[in-house]
Amino acid sequence: MEKAAAKLEVVSLRKRAEIKEKERIEKKQKEIQSLVTQHLEADNWSIAVKFLFSDDEEAAFMALDMIVAYVMSSDLRAEKELPLDRPTVTRLRDLLEYSSEAIFSVVWYLICAATDTTRIEYIWHEDRLLDKVVSNLTLPSVELQTACTELLKCIFECKGDRDVSSWIQPLQIVKEFSNSSHAKRAAGHLLDHMDVPHRVDLSTWTPKDVSRWLMNQKQLGPYEVYSKKFLERNIGGLQLMEISPPDLATMGIHNPTEQEKITEIIDNLRLLNKKGQIGKKDVFLSYSHVNLQTARKIKKALNAAGYTVWIDESGIRPGHKWRNEIAEGIQNSKAFVFLMTKRSATSIYCHDELGLAEDMKKSIFTAHYENITNIDPGLRLIIMSRQ
């Protein structure tokens, strides 16, 4: 009984100590909140910023959040300048390395404070801080993507002589897949000024890149589950281009609807891939876009049978760029399937695709969807001679 009583007493003392410590922290936080607020409202910006250098990391984070929230809510960026010098930038970097959750406040502080070339110099030469900003570009948070791309755009416009090759791939991903129109525009602007293609080079993607890309595909539903499955299988960019429904089944993704969604977004990604990097496919499916739904059914059936299919679902896009993509798709496919309908039989685009497949000596097959009696003799000759 005495031992049990002693044990209860120890537990009680611990709880009281925990409560006391919690009360102490809350009291200190309230004091800091009050002081920071007073200095901000009195326009004592430099004094408020000194709280960022507190030995208490939690107090520093709290002060940072309060300063950024105050500036953003009162729209003072055009009237006041947040203090920004080398020690402040270094301290922001240290806070960011202490806790990645501070990224949003750190980035917005820098955006608000980066008002001239001298200030931007301080950020520009802080490699570790910029690396952190770039590494957060491909996270699924729309607000974070917007803030990070805006900061990089602001910096790059003033200082364009830095090696920014590490920025290219994350910016390409944001440009193509972000749910933030602002982030897309900022990323596109940066890529234009960096004189690099907007297109994605999948051959350079690591399994972590693939996983981050999947984390941005919120239309998939349980995108976090898929991201984990692909990462566990160590699937990089080149392997991603070869994924088919049977491969997804071996990964534990058996639902046909889920398989179709994943295959579709991979196909869309493949179209955005850099020229010369499109993965090999079993079949190129040629069709008139009037018959898109029928083409999708054929693709689904071929996928279910274990064949990979190249199909253009983006609509007719005349021009050199579009023709290059189609030609590349035919070249990288083992066989060519022509969906024979009244529209495809008279489509100049479908005829061009068929003629190119003939020139490349591809195996050509015809899927008859409609009974057509009056087929162009040249079209008939190609189809009959290559099957």
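No experiment lies behind these values; they were computed from the predicted model shown.

Let us look at the overall build of the chain. Scanning the chain from N- to C-terminus turns up 19 helices and four strands. Out of the 387 residues belonging to the chain, those deemed buried represent 47%. Within the chain, contacts between residues at least 6 apart in sequence are counted, and of these 70% link residues at least 24 apart. Looking at the chain as shown, the accessible area adds up to about 20100 Å², and 52% of this sits on carbon and sulfur atoms.

This next bit is on the packing of helix H5 (residues 103–113) against helix H8 (residues 142–158). For the pair H5 and H8, interaxial distance at closest approach is 9 Å and the crossing angle is 35°. As for the relative orientation of H5 and H8, their crossing is left-handed in sense. Residues Ile103, Phe104, Val107, Trp108, Leu110 and Ile111 of H5 form the contact with H8, whose participating residues are Glu143, Leu144, Ala147, Cys148, Glu150 and Leu151. A breakdown of the residues in the contact of H5 with H8 according to their chemical character gives ten nonpolar, no polar and two charged.

Let us now look at the pairing of strand E4 (residues 363–368). In this structure, strand E3 (residues 333–340) lies alongside E4, joined through six bridges in parallel fashion. Looking at the pairing, Ala335 lines up with Ser363 of E4. Handedness of the E3-helix H18 (residues 348–359)-E4 crossover: right-handed.

Right, let's talk about the confidence of the model for the chain for a bit. Residue-level pLDDT values for the chain average 76, and 77% of them are 70 or greater. Taken element by element, the predicted model of the chain shows its lowest mean pLDDT in helix H19 (residues 377–386) (54) and its highest in E3 (87). Contacts from residues 315–320, a stretch scored under 50 in pLDDT, to residues over four places away or in other chains number eight contacts.

Attention now moves to helix H10 (residues 181–193). Taking 1.5 Å of rise per residue, the 13 residues of H10 would be expected to cover 18 Å, and the 18 Å separating its terminal C-alpha atoms lies within 8% of that figure. Buried residues of H10: Ala183, Ala186, Ala187, Gly188, Leu190 and Leu191, and no others.

Attention shifts here to the nonpolar core. Formed by 59 residues in total, the largest nonpolar core has its most connected members in Ile67, Tyr109 and Trp167. Counting residues per element, this core draws most heavily on helix H3 (residues 57–74), at ten residues. Ignoring any residue separated from it by four or fewer positions in sequence, one finds Tyr109 in contact with Val49, Leu52, Leu64, Ile67, Val68, Leu82, Pro83, Leu84, Thr88 and Leu92. Judged by nonpolar contacts, the second largest core, of 19 residues, contains Phe177, Trp205, Leu214 and Met241.

Looking now at the pattern of salt bridges. This model, assessed by the stated rule, comprises five salt bridges. Put simply, Arg93 and Asp94 hold a salt bridge, and the shortest N to O gap is 2.7 Å. Owing to a relative accessible area of 13%, Arg93 belongs among the buried residues under this scheme. Looking at Asp94, the relative accessible area reads 29%, which means it is partly exposed. Asp282 serves as the salt-bridge partner of Lys334, at 3.4 Å between the closest nitrogen and oxygen. You can see Lys334 sitting in strand E3 and its partner Asp282 sitting in strand E1 (residues 281–286), a full 52 residues away along the chain. Among the residues examined, Lys334 registers a relative accessible area of 58% and is labelled exposed.

Here is what the cut-offs are and how they apply
Residues numbered from 1 in each chain as written. Predicted model: local features only at pLDDT ≥ 70, side-chain atom pairs only at ≥ 80, totals over all residues. Heavy atoms only, no water. Helix = DSSP H or I, 4+ residues; strand = E, 2+ residues; numbered from the N terminus. Buried < 20%, exposed > 50% of the residue type's maximum accessible area, 1.4 Å probe, protein only. Contact = heavy atoms within 4.5 Å. Areas by Shrake-Rupley, 256 points an atom, 1.4 Å probe, with all protein chains shown as cover. Axes fitted to C-alpha atoms, helices over the stretch in contact; angles between N-to-C directions. Left-handed = near helix turned anticlockwise from the far one by under 90°. Nonpolar A, V, L, I, M, F, W, Y, C, P; charged D, E, K, R; others polar. Pairing = 2+ DSSP bridges. Right-handed = clockwise from strand over helix to strand, strands pointing away. pLDDT = per-residue confidence, 0-100. Expected span 1.5 Å × (residues − 1). Core = buried A, V, L, I, M, F, W, Y, C linked by side-chain atoms within 4.5 Å. Salt bridge = Lys/Arg side-chain N within 4 Å of Asp/Glu carboxyl O.

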